[in-house]
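Each chain is listed here by its residues.
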Amino acid sequence: MLNAYARPGLDLNGKWHVIVDPYENGYYDYRHQPYDASPHPTGGYFLDRQPADKTELVEYNFDTSPTLDVPGDWNSQDEKLFYYEGTVWYRRRFDYRPTSADRRLFLYFGAANYQADVYLNGKKLGQHIGGFTPFEFEVTGLLSAAGNSLVVRVDNQRHLEAVPTINTDWWNYGGLTRDVRLVETAPTFVRDYRVQLKKGSRDVIEASVQLDGARLRQHVIFTIPESNLTAEADTDDAGGARVQFAAPGLKLWAPGHPRLYRVDIEAATDRVSDRIGFRTIEVKGTDILLNGDQVFLRGVSLHEENPLRGGRAYSEKDARLLLGWAKELNCNFVRLAHYPHNEHMARVADELGLMLWEEVPVYWTIQWENPGTLRNAQAQLTDLIVRDRNRASVIVWSVANETPISEARTRFLKALVATARSLDGTRLVSAAMEIHADPANKNRRIVDDPFGEFTDLLSFNEYIGWYDGLPDKLDQVTWSLGYDKPVVISEFGADALQGFHADALTRFSEEYQADVYRKTLAMLGKIPQWRGATPWILCDFRSPRRPLPHVQDGWNRKGLIGSNGKKKEAFFVLKSFYDERAPKAP
């Protein structure tokens, strides 16, 4: 965790010149050998060359190529690239002088979907795989004062062995979809830190720090100025230190009072600050306890997409729009599906008092027995947890969505649970599981996924009334649950085209969707251990799986808010229910 937004440096967002390269001519020679595999490459777009004179043949030119905005996806910025899957080369030139000669420099990328190869001044820095997590490359000593050429090859092609795999129900937005920054640090700097309440305690803080650099043995001071709390520790030979200290009188973070404290971590060579909330989350029997008190999760799911723009959400402004709509719904909980969202989401949720479910894209059917696929999933989960484990808003790490039951799949997901718990033992771990019908009773639904043994919540998706019968069926359904755990319904819902009105049996009408919500909420109320829900979904979102002309037009219409930003009838049905379930002011 570089803490990129809290350090000096250079914002590299803005207009980048791009070359669309469907045949990857800028990466492979005509024998399909990568240009960058040569120690002295003479070809490849990453060299960012100009002809030396009028006789030299160079068949590309970033300077005269079109531009795209970064951050942003290419699909929503250029109509010709709307369905494009493949390689696009990005180029940005910049000047930079460090504030002092001993500074270390890093190029930070919030995310690039899906594979990114990064080059600076013609030299390859490295490659990153995974479309939704941050990464960086150190460039200390590699920059010039002027005219640096930063080239990124971004490839969003889908692959069977990837995470996610080739089949999803969201748009495959490609590009440099999040912030790009040049970050400056001290020679030895605070690489990572964690400051949270000790598991099981509401007045003892556990803090840890990890230094990066040559001077790894240092004295480190943790300070929370507003509470007059200080703790000190000495790092070991590897640059790490841990300390526990009493924290009496802390005001705990909760949706009704999302208290954040300034936390300072100071070493001899570096100092960082963060705004951190302190709270506990646990399961006791069939209850979810926030700060020791029972809580019902009044939630909704959302994609990282701004429906008003029809493209990938990436900014703090986008986060405030989406989470602001969730607050209007009277939510206290949001499921960030189906992949890690940008860092602004968790930080804004911290401020607004919204608890979060964060997820990795282990989605539907992936290669359960492929060790490389597991390493990929573990890497994405690790990157997410390391980035957000200081965010009080995050209460659930989710490791999968709607995965088919098999021994190989359960072993795969168990390994992800082990990864999550090893990195952060203070939060809940879950996944969105599936249901099946009882062969002996057409109205009984069963949840007995063997993976449920390893999760803290019994979370599952159900679409009775939409994919499973008509809304009246909801009045008849009963449940058989295989685990004595809190039930959180991770998805339910129905499609509706905003503004289309008809009777409650007409598909895609607002009335049909609203009826499904009313009847589903009544059905769920009969489950004794029901402790929350994240209906699908807050906003309509783009999906190539939804081609129905004049109704879907490439949009999944299950949103409570349409692609025009207008609320559907079901929004107010759910809001009314949440208003009733919300704690009453004393």
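Check the entry above for the structure.
Please read all numbers here as calculations on a predicted model, not as lab measurements.

Participant: Would you mind going over the environment of Glu407 with me for this structure?
Facilitator: By the secondary structure assignment, Glu407 is in helix H4 (residues 407-423). Taking the C-alpha atoms as reference points, Glu407 and Gln50, 357 residues apart in sequence, are found 56 Å from one another.

Participant: Help me out: how do you make sense of the sheet that holds strand S28 (residues 436-438) in this one?
Facilitator: Sheet strands pair via backbone hydrogen bonds, and the direction of the pair is either parallel or antiparallel. What the three strands build is an open sheet, ordered S28-S29-S31; its pairing is mixed. Strands with a single pairing partner mark the edges of an open sheet, and in this sheet they are S28 and strand S31 (478-481). Neighbour-to-neighbour, the strand axes of the sheet open up by a mean angle of 40°, direction not taken into account. Pairing analysis gives four bridges linking strand S29 (residues 441-447) to S31, with the strands arranged parallel. In the strand pairing of S31, Val447 is matched with Leu481.

Participant: Looking at this structure, how should I read the packing of helix H5 (residues 510-524) against helix H6 (residues 569-581)?
Facilitator: Geometry of a packed helix pair, given as the angle between the helix axes and the separation of the axes. Between H5 and H6, the shortest axis-to-axis distance is 8 Å and the interhelical angle comes to 20°. The angle between H5 and H6 places the two elements in the roughly parallel class. Between H5 and H6 lies a crossing of right-handed hand. Contacts between H5 and H6 pair Glu510, Glu511, Gln513, Ala514, Tyr517, Arg518 and Leu521 from the former with Glu569, Ala570, Val573, Leu574 and Phe577 from the latter. Of the residues belonging to the contact of H5 with H6, the class tally is seven nonpolar, one polar and four charged.

Participant: Just to check I follow, could you spell out the packing of helix H1 (residues 316-328) against helix H2 (residues 343-352) for this structure?
Facilitator: Interaxial distance between H1 and H2 falls to 9 Å at its minimum, and their mutual angle equals 45°. Our classification of the angle between H1 and H2 gives oblique. Seen along the crossing, H1 lies across H2 with a hand that is right-handed. Contact residues: Glu316, Ala319, Arg320, Leu322, Leu323 and Lys327 in H1; His344, Met345, Val348, Ala349, Glu351 and Leu352 in H2. Classifying every residue of the contact of H1 with H2 by side-chain character gives seven nonpolar, one polar and four charged.

Participant: How should the sheet that holds strand S16 (residues 261-266) be read in this particular structure?
Facilitator: Spatially, the four strands line up as an open sheet ordered S14-S13-S16-S17, and their pairing is antiparallel. The two strands at the open ends of the sheet, each matched to only one other strand, are strand S14 (229-234) and strand S17 (271-276). Between one strand axis and the next, the sheet turns through 15° on average, direction left out of account. Relative to S17, S16 runs antiparallel, the two being bridged by six bridges. For Arg262, the partnering residue across the bridge sits in S17 and is Arg275.

Participant: Could you clarify how one ought to interpret the pattern of salt bridges in this entry?
Facilitator: Where charged atoms from two side chains of opposite charge approach closely, those side chains can pair. The final tally for this structure, using the stated rule, is 54 salt bridges. In this structure, Arg93 engages Asp48 in a salt bridge whose closest nitrogen and oxygen atoms are separated by 2.9 Å. Of this pair, Arg93 sits in strand S4 (residues 87-94) while Asp48 sits in the loop between strand S2 (14-20) and strand S3 (67-70); the two residues are 45 residues apart in sequence, bridging distant segments of the chain. The class for Arg93 is partly exposed, based on a relative accessible area of 38%. For Arg158, the salt bridge identified is with Glu85, shortest N-O distance 2.6 Å. One end of the pair, Arg158, is in the loop between strand S9 (148-155) and strand S10 (180-185); the other, Glu85, is in the loop between S3 and S4, with 73 residues separating them in the sequence. Using a relative accessible area of 31% as the deciding quantity, one classes Glu85 as partly exposed. Connected through shared salt-bridge partners, Glu24, Asp36, Asp117, Lys124 and Arg153 make up one network.

Participant: Sorry, what's going on with unusual backbone geometry here?
Facilitator: Comment: phi is negative for the bulk of residues other than glycine, and the bulk of peptide bonds are trans. A cis geometry characterises the amide bond from Asn113 onward to Tyr114, with omega recorded as 10°. Tracing the sequence through the fold places Tyr114 in the loop between strand S5 (104-109) and strand S6 (115-120). Backbone geometry places His32, a non-glycine residue, at a positive phi of 60°. The topology assignment puts His32 in the loop between S2 and S3. The backbone of Asp48 sits at a positive phi, close to 50°, despite the residue not being glycine.

Participant: Could you clarify how one ought to interpret the pairing of strand S18 (residues 281-284) in this entry?
Facilitator: Two faces, one strand: in a regular strand the side chains alternate between the faces of the sheet. Where S18 meets strand S19 (residues 287-290), four bridges bridge the pair, whose relative direction is antiparallel. The partner of Lys284 across the bridge, within S19, is Asp287.

Participant: Help me out: how do you make sense of the packing of aromatic side chains in this one?
Facilitator: Here the distance between the centres and the angle between the planes together describe a pair of aromatic rings. The full count for this structure, using the stated rule, is 33 aromatic pairs. Aromatic pair Tyr83 and Trp171: ring centres 5.4 Å apart, planes at 45°, arrangement tilted. Residue Tyr83 is located in the loop between S3 and S4, and its partner Trp171 is located in the loop between S9 and S10; the two are separated by 88 residues in the primary sequence. Residue class for Tyr83 comes out exposed when judged on its relative accessible area of 64%. Arranged with centres 4.8 Å apart and planes meeting at 75°, the rings of Trp170 and Tyr363 form a pair that is edge-to-face. Here Trp170 is found in the loop between S9 and S10, whereas its partner Tyr363 is found in the loop between strand S25 (355-359) and helix H3 (371-388), with 193 residues between them in sequence. One aromatic cluster in this structure is built from Tyr45, Phe46, Tyr60, Phe62, Trp89 and Tyr119. Directly above the aromatic system of Tyr27 lies the positively charged group of Arg153, at a separation of 3.8 Å from the ring centroid. If you follow Lys567 out to its NZ or CZ, it ends over the ring of Phe571, 5.3 Å from the centre.

The rules behind these values
Residues numbered from 1 in each chain as written. Predicted model: local features only at pLDDT ≥ 70, side-chain atom pairs only at ≥ 80, totals over all residues. Heavy atoms only, no water. Helix = DSSP H or I, 4+ residues; strand = E, 2+ residues; numbered from the N terminus. Pairing = 2+ DSSP bridges. Axes fitted to C-alpha atoms, helices over the stretch in contact; angles between N-to-C directions. Parallel < 35°, antiparallel > 145°, perpendicular 65-115°, else oblique. Left-handed = near helix turned anticlockwise from the far one by under 90°. Contact = heavy atoms within 4.5 Å. Nonpolar A, V, L, I, M, F, W, Y, C, P; charged D, E, K, R; others polar. Salt bridge = Lys/Arg side-chain N within 4 Å of Asp/Glu carboxyl O. Buried < 20%, exposed > 50% of the residue type's maximum accessible area, 1.4 Å probe, protein only. Phe/Tyr/Trp six-rings, centres within 6.5 Å; stacked < 30°, edge-to-face > 60°. Lys NZ or Arg CZ within 6 Å of the ring centre and 35° of its normal.

Function cannot be inferred from these measures alone, as they are strictly geometric.
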